[in-house]
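Each chain, written out:
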Amino acid sequence: MNNFLNIALIITSVGLILSIILQSKGAGLGGLTGADTGGVFTARRGIERILFWVTIGLSVTFFGLVIAIIILGR
């Protein structure tokens, strides 16, 4: 059981890192290609909204797995 949780934690943390990297600071996904959006805040739409919710889901899963590993490690 502990090995399963450790593997799930590794997979979740890699996914969380990737989802955070894909979110360019305020520029949206266009910032990855060098496009300048002017730095004005806009509403999240389309893939940006999905990526935002995936990041939240992965972070909740990450913290849940860490707490489970701590509790089962005792």
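Here's what I pulled together on the structure shown here. (Residues numbered from 1 in each chain as written. Predicted model: local features only at pLDDT ≥ 70, side-chain atom pairs only at ≥ 80, totals over all residues. Heavy atoms only, no water.)

**A word on the nonpolar core**
- Counting residues in hydrophobic clusters, the biggest one holds five residues: Leu 5, Ala 8, Leu 9, Leu 65 and Ile 69.
- Among the elements of the structure, helix 1 (2–22) and helix 2 (47–72) are those that each provide at least two residues to this core. (Core = buried A, V, L, I, M, F, W, Y, C linked by side-chain atoms within 4.5 Å. Buried < 20%, exposed > 50% of the residue type's maximum accessible area, 1.4 Å probe, protein only. Helix = DSSP H or I, 4+ residues; strand = E, 2+ residues; numbered from the N terminus.)

**Observations regarding the side chain of Ser 19**
- Within the secondary structure, Ser 19 sits in helix 1.
- The buried category is assigned to Ser 19, whose relative accessible area is 3%.

**What about the packing of helix 1 against helix 2?**
- Look at helix 1 against helix 2: their axes get within 9 Å of each other, and the N-to-C directions meet at 150°. In terms of axis orientation, helix 1 runs roughly antiparallel to helix 2. Helix-helix and strand crossings are classified by hand; for helix 1 and helix 2 the assignment is left-handed. Listed contacts from helix 2 to Asn 2, Leu 5, Asn 6, Ala 8, Leu 9, Thr 12, Ser 13, Gly 15, Leu 16, Ser 19, Ile 20 and Leu 22 of helix 1 are Leu 51, Thr 55, Leu 58, Ser 59, Thr 61, Phe 62, Leu 65, Val 66, Ala 68, Ile 69 and Leu 72.
- The residue makeup of the contact of helix 1 with helix 2, split by class, is 14 nonpolar, nine polar and no charged. (Axes fitted to C-alpha atoms, helices over the stretch in contact; angles between N-to-C directions. Parallel < 35°, antiparallel > 145°, perpendicular 65-115°, else oblique. Left-handed = near helix turned anticlockwise from the far one by under 90°. Contact = heavy atoms within 4.5 Å. Nonpolar A, V, L, I, M, F, W, Y, C, P; charged D, E, K, R; others polar.)

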